[in-house]
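Coordinate inspection notes
Okay, here's what each chain looks like letter by letter:
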Amino acid sequence: MSAQHESPAVAIARAHVEAWSNHDLDTARKSLAADVKVTATSTLPVMPATDLTGIDDYMIGLTQFAQGVVPGSAHIIASVGDEHNALLMLTVEADLGAGKATLPGARLYLLDENNKIKAEQVIFYAAPD
């Protein structure tokens, strides 16, 4: 299948972002595979690199991050994907302890055979408001 802006994987990735960015962490958790792996990196010196495996560790990290996100602030700039892969470019507004900022970033997802998120790679930075 060729890459599409509204593929099955893109729809799942968008729903996942909408859930955690609106602090609906139960819904976000339901979209994860048991062995989910997330890596996240930023140029922000206050944000250490993240490398977590498993739903519980993933949700601890996501909860810590999402707490600073302004609900309803997620804006998908672009998306592309196929049945099992999705790439979203987006922004969220957040206060991670240094004042409110816009966080532009990209999130790359891999879905398993059950359409659960098996892998997520995140890159972002902060643009002060």
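A brief structural summary.

The rules behind each value
- Counting restarts for each chain, with residues numbered from 1 along the sequence as it is written.
- Reporting in this predicted model follows two pLDDT cut-offs: at least 70 for local features of residues, and 80 or more for side-chain atom pairs to be given and counted; totals over whole chains, interfaces and linings ignore these cut-offs and use all residues.
- By convention in this description, side-chain values take in all heavy atoms of the structure and omit both hydrogens and water.
- Secondary structure is summarised from DSSP: a helix means a run of H or I of at least four residues, a strand means a run of E of at least two, and numbering begins at the N terminus for each.
- Note on contacts: a residue pair is in contact if any heavy atoms of the two residues lie within 4.5 Å.
- Using a grid of 1 Å spacing that covers the protein atoms alone, one calls a set of points a cavity when a 1.4 Å probe fits there but cannot get out, and a pocket when the set is open and has protein on both sides within 12 Å along at least five of seven lines; lining residues are those with an atom within 4 Å of a point.
- Grid points are joined across faces, edges and corners, and a volume is the space filled by probe spheres set on the points.
- Salt bridges are identified by distance alone: a Lys or Arg side-chain nitrogen within 4 Å of an Asp or Glu carboxyl oxygen.
- Note on classification: 1.4 Å probe, protein chains only; a residue is buried when its accessible area is under 20% of the maximum for its type, exposed when over 50%, partly exposed between these limits.
- Asp, Glu, Lys and Arg are counted as charged, while Ala, Val, Leu, Ile, Met, Phe, Trp, Tyr, Cys and Pro are counted as nonpolar; the rest, among them Gly, fall into the polar class.
- Expected helix span is given by 1.5 Å per residue-to-residue step, counting one fewer step than there are residues.
- The directions considered for the arc run from the helix axis to the C-beta atoms.

Locating S31 in the fold gives a position in the loop between α2 (25-30) and β1 (32-42). Contacts of S31, omitting those with residues within four sequence positions, involve H16, K116 and I117.

Space inside the largest pocket adds up to approximately 380 Å³. Lining the largest pocket are 18 residues, with A40, M47, T50, G61 and F65 sitting closest to its centre. Among the elements that line the lining of the largest pocket, the one with the most residues is helix α3 (residues 55-66), at five residues. Roughly 190 Å³ of volume is contained in the second largest pocket. Looking at the second largest pocket, it is lined by 12 residues, and the ones nearest its centre are L44, A98, G99, A101 and A126.

Counted according to the given criterion, the structure contains four salt bridges. Across the salt bridge formed by K37 and D51, the nearest N and O atoms sit 2.4 Å from each other. Of this pair, K37 sits in strand β1 while D51 is found in strand β2 (residues 50-53), placing the two residues 14 residues apart along the sequence. In this structure K37 comes out as partly exposed when scored by relative accessible area, which is 35%.

Quick look at empty space enclosed by the protein now. Summed over all chains, the structure comprises one cavity of 30 Å³ or more. Lining the largest cavity we find W20, F65, L90, V92, L103, P104, G105, A106, R107, V122, I123 and F124. Of all the elements in the fold, those that place two or more residues in the lining of the largest cavity are β4 (85-95), β5 (100-111) and β6 (117-124). Residue contributions to the lining of the largest cavity peak at five residues, all from β5. Residues of the lining of the largest cavity, tallied by class, amount to 10 nonpolar, one polar and one charged.

Attention shifts here to α3. Across its 12 residues, α3 extends 15 Å between first and last C-alpha, which sits within 8% of the 16 Å expected from 1.5 Å per residue. When we look at burial in α3, the residues that qualify are I55, Y58, M59, L62, F65 and A66. Down the axis of α3, the smallest arc covering the buried residues is 125°, so these residues share one side. Facing away from the buried side of α3 by over 90 degrees, the exposed positions are D56 and Q64.

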